[in-house]
Amino acid sequence: MNQFISSILIGFSQGSIYALMALALVLVFRSTRVVNFAQAGQAMVSTYIGWEVINRTGSYWLAIPIAALGGAILAVIVQNFLMRPLSKRTSEGAIAPVANIIVTLGLLGVLHSGAAIIWGSEEKLLTSPVSTNGFKIGENVYPFSATDVLIIITSVIVMLIFAFIFKKTNLGLALRAAAFQPEISRLAGIRVDRVQTIGWAFSGAAGAVAGVLIAPGSYLNPYSLDILLVFGFVAAVIGGLDSLVGAAVGGIVLGLTLSFTSQYVGTALTFVVPFVVLLVVLLLRPNGLLGGRSSRNA
Amino acid sequence: MMRLNRSKKAITLTALAASVALVATMVPAQASTDKVGVTSKTIKLGISQPTTGPASAGYNKVAPAMNSYFKYVNDNGGINGRKIELIIKNDGYVVQRAVNESAALVDEGVFALVGSLGTANNTAVAEFLDLKSTGLPSLFVNTGFSGFSVKKDYPTMFSLFPSYYMEAKIFSEYIKKNFPGKKVGVIYQADDFGVDALAGLAQGGITLTEKIAYASLSQGTPSVGQSWITKLKTANVEVVIFYGVPSAVAAALRTAAALAYKPQWIVTSVGSDYTTLTGLGVTNAMLDGVVTGSFLPAPTDDADPYVKLFKTIHTKYGTGAFDSNILTGMNTAMMTANAIKAAGPNLTRSGLIRAIETKGRTFASASLTPPTYSTTSHAGYAGFWLAQINSSGVMVPESGKYKVYTTDAGKGAVKVSTYKRPAMPAKGLPK
Amino acid sequence: MHNHHRRRLIGFAIVGILLFLLSNRVGVLRLYQGSTVSMYVIAIGSIVLLTGFSGQISLGNGAFMALGAYIAVLLQTYLSLPLVLTFFVAVLGAAFFGLILGVAAARLSGPYLAGTTLALAVALPSLVNQFPVLGGEQGLMFNAGSAPEWLGEVSRFKWLFWISTLAAIIACIGIQNILKSRYGRTWKAVRSNSTAAELSGISSARSKVLAFVISAGIAGLAGVVLALTAGTVAPGAFPLSLSFAIITGAVIAGISSLLPGSVVGAVVLVGMSQLVGTFTSRFQMGDILAENLKELIVSALLILAVVFTPNGPGEKIRAMREHRKHHSHGGVR
């Protein structure tokens, strides 16, 4: 019983981080039809920014918004100076269908090595601002601490902010319109370029928060968030890749799957599980658990 | 007609080229390689290891520490008038790069490889560079894999460290004596590391209540540590043996503290370096009481003449805090210097190998356990002493002073060693 | 046509002989680098076929290389098959796994395929550790034996260089023939306009799966060569960075250029680390800078290549020439 409850608790707290990463990938995919493989690298650089903030001010609370801001700025730079010119230059030839995937991979390499040059490749530690000791109920100590509560609350706040923007503001309307009908939106007077950039900025911020939240439970080095990219991608696909709600659900589903397999099957399968989940989803529910209508050949 | 002509021409051309090629292969056999890398003034040595990258933490201090010791020897006149030059190559702990860098060392004309790191890396290097027939020595490789001590397979290689298998046998003995009847569990990296350890524990007669394997590098995923600890707790395991690298050990200790789980931890020597662990967020309170092993004296043992000397050398030639990685590097360098000295003034590769085989057992080094080199075996140190880490992070030897256990790579018993380490030669220079 | 074919073969023969001559004149480092170039040429070839022609992308060809290598080492260890047969079966085996994934992935394109193959590349090494027969992290020894006696005394590394080079040459001939065949044309048709291709009776799904399978097989061959030169097969030899490196190599000289593209890409990959290494040690740069500068330059090169010469320098030059021709025409008129 203890083991079962533990699995659920771990699944939710880890899953909400995967959900944020999935959200980051979905935001970019919706606005520009690009799966940004450099997202892990951008999140990593943003987390280093957070680490610097903690080092200088001692405040983790300050680190979250500053890292998010840093992540947003980085994403805007990437979108404006790399991805947009790229799409104009690579519309022809064999490279056309794969150009943006390849370039985001290259960017991931640049961010990896750049971060290693600046911060070194030794592991850095981000200490959680609240206790990491598990809550005690009766005799049992559960693997669920104040830090996990912080993770879940922060993720939920970020998601609520996005939900509010998308549902209740004109900006949100423009974001949704530009995502699904860019040509018509342009005719309707929406500045699609700018809206796309805002989508990237949101995505950069979400990835940054995911990085700052996951780091206290593990370590930070230039490569440590790469696995989060795979987890985030799988979560995003579970949710259908262009649904924000789907990303959140996908993250939790993946978090639970991983915690249950680690508890009941074994941790030796940690990297195998996401691949299996991905294949199963793609074969059985190719449009995600929530089932959108668009095809996988986007 | 024209087509015929052209193909005829091609055939002639091909035949011509082929015959040239055949002649070219018949270059005279190369001169003897036995003295490559040695002049009357210098000896060139090489090492391939990870200076950077995810696997480099801690390990990247070893080669610079070796270099510090060599510089110290050089400043004291070198060995038989020759100064040692160590070329350090970075392979990032990737197999192909280890081969590439070692090939580069051969091209740069090194006399021997020394202290190269990693089991798979060393296997690949031995194969591609064909150490067997080229006679290039690869001394004191930095791995606990016992295969390199088999002379038949690797006639020019020498192991140095006692194997994980031996360590696990010694741990078994310790558990049977100190924790009889308690439930024992093990967490291990799911590779030869863990396989060796499981075999040793089985040979030692330990019944394991819980066996947890984990994928290497998965320890960075936060939920992984939590599932280890929940499992162990659920099974009421009281003694936990850990076979993994420091980052995984840190994940386990930190999670255990968070979940108020307090078993007796027994951690492999390669996973228990104090500076590495504390750098990964492990506090002294978490380490208090952890049992581990070592074949070298504790890096904090200032009463030990070798440690004292190595610290002085490190202060002069090295950087950063003195720790067990630096101690290991200096010790490997000292063994190398011993071997070169023992090979005599007329230094050759074959002479170097013979010197270790015949005199290696008597080399003075910091190790508290005896080297076991012979003309039939290239196995290095054969044992460990056990320690408990105290609340200030110091390794306190079991029963107050170093009590060394020795054993073999087979079914032999674990014995308390009577080995008396040779006194440190004057100034710690090979004699 | 026949003439073309023969001339190409003669070209390959001459290159082979030149390399053979060269192999007797260089040191062990150059021989290893040469073997690595051969390995990369084959691996890049698998990407050129898949991406440059069929328009699909795989971030997991490193995983297929691992599959080929493991199949080969198991055959060698347990059945002691002759080397040629080992190569052959390993390629078929990798292609078979390619078929399984290819069928599953047939409906996927672009980012989905990329993500799935990425997850595969991450999963495979830890999967290897699940089966003790595969030797865990330490891997399995791969002994290719020594050169036959009638060749005289040939050092191991020279022998391995010859095998790798021969494998690369044969692979190039094979890939080139496939690309010039009906299949190559079909892939191109599907890539540039799958609807039109479907209308003219081509099954675009089947054509994509076929490309995926062949690409996996070729990657498997590259894996065998890698294992051969490393003398061992271990999961650590197939990191994610290997999959990324071969994509980089394929893009640098034009994603649809097998020759000379893949050779140029391979030489850049191998030569760059040597070049940067020399540069950083000349200027006494720190280890961390030296190490990461390599990755930084290669990654930056990848981005710059896609941005400035999206379909390779060859295409670029052709386009510029065309442009100039049009221009001068205009002037005359």
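All chains use their own residue numbering, which begins from 1 and follows the written sequence. Chain labels run from A onward and ligand labels from 1 onward, assigned in the order the entries are written. Reporting in this predicted model follows two pLDDT cut-offs: at least 70 for local features of residues, and 80 or more for side-chain atom pairs to be given and counted; totals over whole chains, interfaces and linings ignore these cut-offs and use all residues.

UniProt positions are given in the numbering used here, feature names are shortened, and annotations may be inferred rather than shown by experiment. UniProt, in its Subcellular location (unreviewed entry) section for chain C, records the words "Cell membrane".

(A) Highlighting the overall build of chain B. Working definition: helices are DSSP H or I runs of at least four residues, strands are E runs of at least two. Numbering for both runs from the N terminus. Along the backbone of chain B there are 14 helices and 14 strands. For a compact globule of 431 residues, the expected C-alpha radius of gyration is about 22 Å, and chain B comes in at 24 Å, within 12% of that figure. Projecting the C-alpha coordinates of chain B onto the three principal axes gives extents of approximately 90 × 65 × 40 Å. Working definition of burial: number of other C-beta atoms within 10 Å of the residue's own, with buried at 20 or more, exposed at 12 or fewer, and partly exposed in between, all C-beta atoms being placed from the backbone. The 431 residues of chain B split such that 59% are buried. The globule rule used here is 2.2 Å times the number of residues to the 0.38 power, and the radius of gyration it is set against is calculated over C-alpha atoms.

(B) Quick look at the domain arrangement of chain B. Residues and elements named next belong to chain B. Each domain span listed reflects an automatic or database assignment of domains. Domain parsing of chain B yields domain 1 (42-162 + 299-381) and domain 2 (164-294). Summarising the inter-unit geometry, the C-alpha centres of domain 1 and domain 2 are found 29 Å apart. Any residue pair is listed as a contact if its two C-beta atoms, each placed from the backbone, are within 7 Å. The interface is formed by eleven residues belonging to domain 1 together with eleven residues belonging to domain 2. The class makeup of the residues in the side of domain 1 that touches domain 2 is four nonpolar, six polar and one charged. Any residue outside Ala, Val, Leu, Ile, Met, Phe, Trp, Tyr, Cys, Pro, Asp, Glu, Lys and Arg is labelled polar, Gly included; the first ten of those are nonpolar and the last four are charged.

(C) Broad picture of the packing of helix α3 (residues 95-107) of chain B against helix α2 (residues 28-53) of chain C. Lines fitted to C-alpha atoms define the axes, with helix axes restricted to the stretch in contact, and inter-axis angles between N-to-C directions lie between 0 and 180 degrees. Across the interface, α3(B) lies against α2(C) with an axial gap of 7 Å and an inter-helix angle of 155°. In terms of their interaxial angle, α3(B) and α2(C) are classed as roughly antiparallel. Residues B:Gln96, B:Val99, B:Asn100, B:Ala103, B:Ala104, B:Val106 and B:Asp107 of α3(B) touch α2(C), and the partners they reach there are C:Val28, C:Leu29, C:Tyr32 and C:Thr36. In the contact of α3(B) with α2(C), the residues fall into seven nonpolar, three polar and one charged. An angle below 35 degrees is treated as roughly parallel, one above 145 as roughly antiparallel, one from 65 to 115 as roughly perpendicular, and anything else as oblique.

(D) Molecular detail of the UniProt feature "transmembrane region" (unreviewed entry) in chain C. Residues and elements named next belong to chain C. UniProt's entry tags residues 9-31, 37-55, 62-79, 85-105, 112-131, 159-179, 209-230 and 296-314 with the feature "transmembrane region" (unreviewed entry), counted in the numbering of this structure. The span residues 112-131 shows a helical share of 85% and a strand share of 0%, and its end C-alpha atoms are spaced 29 Å apart. For residues 209-230, helix accounts for 100% and strand for 0%, while the C-alpha atoms at its two ends are 31 Å apart.

(E) Structural detail: the sheet that holds strand β2 (residues 83-90) of chain B. All names here are of chain B. If you trace the five strands from one edge of the open sheet to the other, you get β2-β1-β3-β4-β5, paired in parallel fashion. Of all strands in the sheet, those bounded by a partner on one side alone are β2 and β5 (157-159). The mean inter-strand angle of the sheet, taken between neighbouring strand axes irrespective of direction, is 20°. Here eight bridges tie strand β1 (residues 42-49) to β2, and the two strands are oriented parallel to one another. Bridge assignment links Thr 42 to a residue of β2, and that residue is Lys 83. In short, DSSP must find at least two bridges between two strands for them to pair.

(F) Highlighting the interface of chain B and chain C. Listed by partner, the interface residues are 39 residues for chain B and 38 residues for chain C. Elements with a minimum of two residues in the side of chain B that touches chain C: α1 (2-25), α3, α4 (119-128) and α7 (192-203) of chain B. In terms of residue count, the dominant contributor to the side of chain B that touches chain C is α1(B) (ten residues). Split into classes, the residues belonging to the side of chain B that touches chain C amount to 22 nonpolar, eleven polar and six charged.

(G) Up close: helix α10 (residues 240-252) of chain C. Between the first and last C-alpha of α10(C) there are 19 Å, a value that for 13 residues agrees with the 18 Å anticipated at 1.5 Å per step. Among the 13 residues in α10(C), eleven count as buried, and that is most of the element. When we look at burial in α10(C), the residues that qualify are C:Leu242, C:Ser243, C:Phe244, C:Ala245, C:Ile246, C:Ile247, C:Thr248, C:Gly249, C:Ala250, C:Val251 and C:Ile252. Residues of α10(C) that are buried in the fold lie against α4 (99-119) of chain A together with α2, α3 (61-79), α5 (110-128), α11 (261-282) and α12 (287-308) of chain C. Each residue after the first adds 1.5 Å to the expected span of a helix.

(H) How the structure looks around the environment of B:Ala260. Mapped onto the elements of the fold, B:Ala260 is located in the loop between α9 (246-258) and β9 (264-267). Taking C-alpha positions, B:Ala260 is 9.8 Å from B:Lys233, a pair spaced 27 residues apart along the chain. Apart from residues no more than four positions distant in its own chain, B:Ala260 is found in contact with A:Gly134 and A:Val141.

(I) The interface of chain A and chain C, seen in detail. Each partner contributes residues to the interface: chain A has 42 residues there, and chain C has 44 residues. Contributing elements (two or more residues each) for the side of chain A that touches chain C: α3 (60-89), α4, α9 (226-238) and α11 (272-284) of chain A. When residues of the side of chain A that touches chain C are assigned to their parent elements, the largest contribution, 14 residues, is made by α4(A). Class assignment for the residues of the side of chain A that touches chain C results in 30 nonpolar, ten polar and two charged.

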